[in-house]
Amino acid sequence: MKPRKRFAVLAVCLVLLLGLLAGCSGKSGGNTDSNAGGTSGGGTGTPTSTPSASGKQIKITFFNTSAEVNEVFEKLFAKYHEVNPNVTVELIPTPIGGAQIEIFQSRLASGNPPTISNLDPSHIYVYRDKFLDLEPVKAKYEELTLPGAVEGGILDGKFLGIPWTAQGYGLLYNKRALEEALGGPFDPSTIRTRDALKELLDKVQAAMGVPPVMIHGADWSLGAHYLGALGFSLQSRDMNENLKYWEDVKAGRAKLADNPVFNGLLDTFDILKEYNYRKNDPLVANYELDGQDFAKGNAAFYFMGDWLWAVIGSMEGRDSEFGVLPVPISNNPDDYGNGQVAFSHPKLFAVDNSAATPEEQQAALEFLEWMLTSEEGQKAITEEMGLTMPYKNVKATSSNAIAKAIGEYVEKGETINIGVINYFPTDYWAKTGASMQKYLAGAINRDQLFQEVQAYWESVE
Amino acid sequence: MKGKIIWKNTGLFLLFAGPSLFAFTVVFLIPFLVGFYLTFTKWDVIRNDGSFVGFVNYVAVMRDKAFWTQLWFTIRYVFFTVIISNVLAIAIALALTSGIKGERWLRAGYFTPNLIGGIVLGYLWQSLFSRVLPYLGQKYGWALFQTSWLTNTDKAFWALVIATSWQLAGYLMIIYIAGFTGVPKDIVEAAKIDGAGNFAILRKIVLRLAVPAIVVCVFLSLSRSFLTYDLNLSLTKGGPFNSTELATFYIVQMAFQSNQYGVGQAEAIVLFVVVAVIALTQSYLLKKLEVES
């Protein structure tokens, strides 16, 4: 008798609790629905959410995947609040190299997306239905930015993200270390073929006594920057041709193993591998340490980009002059890629269109314009973050020596448009990067590498 | 009269168990049920389309070879972690109940790793394995440590096992200490008078009477190491070339990096079943060894 009674009590409690919870979940479910309705309602920005505070106070949120500069952004937000007391910008920080996009997804799934998101173009492309079409401000930004920058923010035919930073990468070199090894001045324009590169590396290795090339053994560097971006972007100078080739690879109509660009790229990779400073343990991939060894001249070359400045810019005892070489993929100096360095707009500001009210969107656009055109904003981005702004008449100069070297290629128009990667699925660098790591460590040969990478692309929808 | 008692009991029950029951329901039961439901739909964040697709996701799990490889990797990892952490914990607990000097301080010391979060702990061991040990290895010519342990699949496996065991041992130690001090002194004394050696006392009396503690500890270490995520993330990040992704890590990658929520969630359910079956079987089997003093 007694146990049964206790059981009844328990059951009653459970029912009560579940009822309570059902009430809660029912309510939140309703909210989500109304948001979803707004989304499918199209890009007109119908005010579906509750009218925000009756006063003029507007709070907008800023989701940041450039985690290393969280604090600079926060300072800018505070400054903007001083100028515009009605608008409060709140940072949604993400950890460096950690779960960034997961935070964005959970925000989106819970119907509470950030007003402004600083994201990779490929992520904006994936969530393109959730963002505001920035057509109304496109002409303004075409005026403000350098040629090509606005195109970097056009995804699927729509201007979805405002470009604010430009990055380039290639085979960086430490000028002092290199010239000491060569015993004289170095002219980067002499390296336009694979053989010339090999000869140079050979000479430098003989002089320095160690393999002179730093290869950062991380999946993003190997899978995204080296194999994926260069391989698909060097197919043609026309990005649409590159996209078409990529479609062919996915459909299995084109085989990477038969492609001269991919083979040429890996022939060069074999040479870099041979002269790898971290030959003994190629996959350690310690970003700080690799940067340090390059900045101090222990390794004369580094396959990396100008974002490295965030790590080496403030380093004690580093060298001051750096240059960049293209990664030659053949022995014909005129081939596309042998004289160019990769250049892209890696992060874009996108404005939410799934839950934000028109007022919030307006406030967000005004804030972005202030940040990108005011002296405070430009100073913070170029000087404090050490980034290159693809804008005309920037009122501050960057201290980034690598960006300067890349800027010389940009001025001459000698850049590789790697826009094709914006359409790649978000896990491609991790998957193909793992195969490249195996190849770098010598765990698989080139046939197996092509097999794995081809299999991955064919598995993509 | 009877009704009054029932209400009083209910109130008391709610007072004490209500908060935790509420938390359990909100953060565990409901997400679990919703998650289970999601495995039968093709829902994801992008499309927000929750239409029913039946067992498609489970078929995809069956076909996902990488998942089964990493699940087997996880089971091996759990096997060694449970054994090493428990043996270590028993050894420490025995040493620290034998009445040596500074017992309290040592107990606190061994427990400390538990107070460090998994992420921090992972970075700590990461710099140890990839910087300190290779440095020493190269300096003194120890072949074992000349390259980083984290760049070789087999060594990275042991790095994970060692780091987890180190963290878990302190926690388990506390439970074992409680278990060992609960062993009645008179029995031990009687055994001594009968001429039993230290090892015989340990094996036949102390450990037998501490079986409840062992059951708890094995269960805890089993479930905790099966669900390791943060340490995996910060220590090896699944590398080299994704070979050290533990099941939870793999599932998170599947859901959030590859945007395959349905498949990822279905894999999480498979993992849940595996953990539940193993954990319940072992505690059922070990419980049979329990004796009364």
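What counts, and where the lines are drawn
- Residues numbered from 1 in each chain as written.
- Chains lettered and ligands numbered in written order.
- Predicted model: local features only at pLDDT ≥ 70, side-chain atom pairs only at ≥ 80, totals over all residues.
- Heavy atoms only, no water.
- Helix = DSSP H or I, 4+ residues; strand = E, 2+ residues; numbered from the N terminus.
- Buried < 20%, exposed > 50% of the residue type's maximum accessible area, 1.4 Å probe, protein only.
- Contact = heavy atoms within 4.5 Å.
- Areas by Shrake-Rupley, 256 points an atom, 1.4 Å probe, with all protein chains shown as cover.
- Pairing = 2+ DSSP bridges.
- pLDDT = per-residue confidence, 0-100.
- Salt bridge = Lys/Arg side-chain N within 4 Å of Asp/Glu carboxyl O.
- Phe/Tyr/Trp six-rings, centres within 6.5 Å; stacked < 30°, edge-to-face > 60°.
- Lys NZ or Arg CZ within 6 Å of the ring centre and 35° of its normal.
- Axes fitted to C-alpha atoms, helices over the stretch in contact; angles between N-to-C directions.
- Patch = residues over 30% accessible without salt bridge, like charges linked within 9 Å, V, L, I, M, F, W, Y side chains within 5 Å.
- Lys, Arg positive; Asp, Glu negative; His and termini not counted.
- Charge placed at Lys NZ, Arg CZ, Asp CG, Glu CD.
- Domains from an automatic or database assignment.
- Buried area = accessible area lost by both parts, 1.4 Å probe.
- Polar contact = N/O pair within 3.5 Å; in protein donor to acceptor, adjacent residues only side chain to side chain.
- Nonpolar A, V, L, I, M, F, W, Y, C, P; charged D, E, K, R; others polar.
- Core = buried A, V, L, I, M, F, W, Y, C linked by side-chain atoms within 4.5 Å.

Trainee: I'd like a rundown of the overall build of chain A, residues and numbers included.
Mentor: A tally of regular secondary structure across chain A gives 18 helices and 13 strands. A burial count over chain A gives 55% of its 461 residues as buried. Within chain A, residue pairs in contact and separated by at least 24 positions form 76% of the contacts whose partners lie at least 6 positions apart. As displayed, chain A offers around 19800 Å² of accessible surface, 51% of which is attributable to carbon and sulfur atoms.

Trainee: Before we move on, could you go through the pairing of strand β7 (residues 167-174) of chain A and cite the residues and values that matter?
Mentor: Residues and elements named next belong to chain A. In terms of burial, β7 is a largely internal element, eight of the eight residues being buried. Strand direction decides the pairing type here: β7 and strand β11 (residues 341-344), joined by three bridges, are antiparallel. Each bridged residue has a counterpart across the sheet, and for Q167 the counterpart in β11 is S344. Here β7 pairs with strand β9 (residues 301-305) via five bridges, running antiparallel. Of the residues in β9, the one forming a bridge with Y169 is G305. Sheet analysis places β7 next to strand β10 (residues 322-325), joined by four bridges and oriented antiparallel. By the bridge assignment for β10, L172 is matched with V324.

Trainee: I'd like to hear about the confidence of the model for chain A, residue by residue, with values.
Mentor: Residue and element names in this part refer to chain A. When pLDDT is averaged along chain A, the result is 83; 88% of the residues meet or exceed 70. Looking across chain A, the model is least confident in helix α1 (residues 2-40), with a mean pLDDT of 43, and most confident in strand β12 (residues 348-351), with 93. Contacts from residues 13-54, a stretch scored under 50 in pLDDT, to residues over four places away or in other chains number 31 contacts.

Trainee: Talk me through the pattern of salt bridges; I want residue IDs and the actual numbers.
Mentor: Residues and elements named next belong to chain A. In the structure shown here, the tally under the stated rule is 19 salt bridges over all chains. K140 is paired through a salt bridge with E369; the nearest N and O atoms lie 2.7 Å apart. You can see K140 sitting in helix α5 (residues 135-144) and its partner E369 sitting in helix α14 (residues 358-373), a full 229 residues away along the chain. Of the charged contacts in the structure, one is a salt bridge between D267 and R446, with a shortest N-O distance of 2.7 Å. Of this pair, D267 sits in helix α11 (residues 260-274) while R446 sits in helix α18 (residues 446-459), and the two are 179 residues apart along the sequence. With relative accessibility at 29%, the residue D267 sits in the partly exposed group. For R446, a relative accessible area of 18% puts it in the buried group.

Trainee: I'd like a description of the packing of aromatic side chains, backed by residues and values.
Mentor: Residue and element names in this part refer to chain A. Using the criterion set out here, one finds 57 aromatic pairs over all chains in the structure. Residues Y80 and F367 carry aromatic rings whose centres are separated by 4.9 Å and whose planes lie at 65 degrees to one another, so their mutual orientation is edge-to-face. Of this pair, Y80 sits in helix α2 (residues 70-83) while F367 sits in helix α14, and the two are 287 residues apart along the sequence. Among the aromatic residues, ring-to-ring pairing joins F62, F73, F77, Y80, W164, F349, F367 and W370 into one connected group. Against the face of Y125 rests R128, its NZ or CZ located 4.2 Å from the ring centre. The ring centre of Y409 lies 5.8 Å from the NZ or CZ of K412, which sits over that ring.

Trainee: Account for the sheet that holds strand β6 (residues 162-163) of chain A, naming residues and giving values.
Mentor: All names here are of chain A. Strand order across the open sheet formed by five strands is β2-β1-β3-β12-β6, with mixed pairing between neighbours. Edge positions in the sheet fall to β2 (87-92) and β6, since each of these pairs with one other strand and no more. The sheet contact formed by strand β1 (residues 58-64) and β2 spans six bridges and is parallel. Residue pairing in the sheet places T61 in a bridge with E90 of β2. Relative to β2, α2 is tilted by about 170 degrees, and along the sheet it contacts β1, β2, β3 (116-119) and β12.

Trainee: Any chance you could break down a negative patch on the surface for me, citing the residues and the numbers?
Mentor: Residues and elements named next belong to chain A. Taken together, the side chains of D133, E135, E142, E143 and E151 define an acidic patch exposed on the protein surface. Here the element with the most residues in the negative patch is α5; it accounts for three residues. With respect to the helices and strands, the residue E143 is situated in helix α5.

Trainee: So, the domain arrangement of chain A: which residues are in play, and what are the values?
Mentor: Residues and elements named next belong to chain A. Under the domain assignment, chain A is made up of domain 1 (58-166 + 345-393) and domain 2 (167-343 + 415-459). Computed over C-alpha atoms, the centres of domain 1 and domain 2 are 29 Å apart. Taken together, the 15 residues of domain 1 in the interface contact nine residues of domain 2. In this assembly, domain 1 packs against domain 2 so that about 940 Å² is buried in total across both faces, 60% of it on carbon and sulfur atoms. Together, S122, Y125 and A166 form the three largest contributors to the area buried by domain 1 at its contact with domain 2, with a combined 37%. At the boundary of domain 1 with domain 2, the tally comes to zero salt bridges. Taken together, domain 1 and domain 2 are joined by one residue pair in polar contact (both at pLDDT 80 or more). Looking at the side of domain 1 that touches domain 2, the elements with two or more residues in it are α4 (121-126) and β4 (154-155). If one sorts the elements of the side of domain 1 that touches domain 2 by residue count, α4 sits on top with five residues. Looking at the side of domain 1 that touches domain 2 residue by residue, the class counts come to eight nonpolar, six polar and one charged.

Trainee: Mind laying out the nonpolar core, listing which residues take part and the relevant values?
Mentor: Residues L230(A), F232(A), F301(A) and W457(A) are the most contacted members of the largest nonpolar core, which totals 106 residues. Two domains each provide a minimum of three residues to this core, namely domain 1 (58-166 + 345-393) and domain 2 (167-343 + 415-459) of chain A. Contacts of L230(A), omitting those with residues within four sequence positions, involve Y169(A), H225(A), V261(A), L265(A), F303(A), V327(A), A342(A) and I416(A). I92(B), L150(B), V188(B) and A279(B) belong to the second-largest nonpolar core, a separate cluster that totals 60 residues.

Trainee: Any details on the interface of chain A and chain B? Residues and values, ideally.
Mentor: Taken together, the contacts link 34 residues of chain A with 30 residues of chain B. For the pairing of chain A and chain B, the buried interface totals around 2900 Å² over both sides, and the portion due to carbon and sulfur atoms is 68%. At the surface where chain A touches chain B, the tally comes to zero salt bridges. On inspection of chain A and its partner chain B, the count reaches five residue pairs in polar contact (both at pLDDT 80 or more). Where the side of chain A that touches chain B is concerned, the elements lending two or more residues are α1, α3 (101-109) and α17 (428-441) of chain A. Looking at which element gives the most residues to the side of chain A that touches chain B, the answer is α1(A), with nine residues. Of the residues in the side of chain A that touches chain B, the class split is 21 nonpolar, six polar and seven charged.

Trainee: Pulling in residues and values, what's your account of the environment of K438(A)?
Mentor: Looking at the secondary structure, you find K438(A) in helix α17. Separated by 10 residues in sequence, K438(A) and Q448(A) have C-alpha atoms that sit 9.7 Å apart. Those residues in contact with K438(A), other than ones at most four positions away along the chain, are A443(A), I444(A), E452(A) and F241(B).

Trainee: Quick one: what's the story with the environment of Q260(B), residue by residue and with numbers?
Mentor: All names here are of chain B. By the element assignment, Q260 lies in the loop between α11 (247-257) and α12 (261-287). On the basis of relative accessibility, which here comes to 38%, the residue Q260 falls in the partly exposed class. Once the C-alpha coordinates of Q260 and V45 are considered, the two residues, 215 residues apart in sequence, prove to be 9.7 Å apart.

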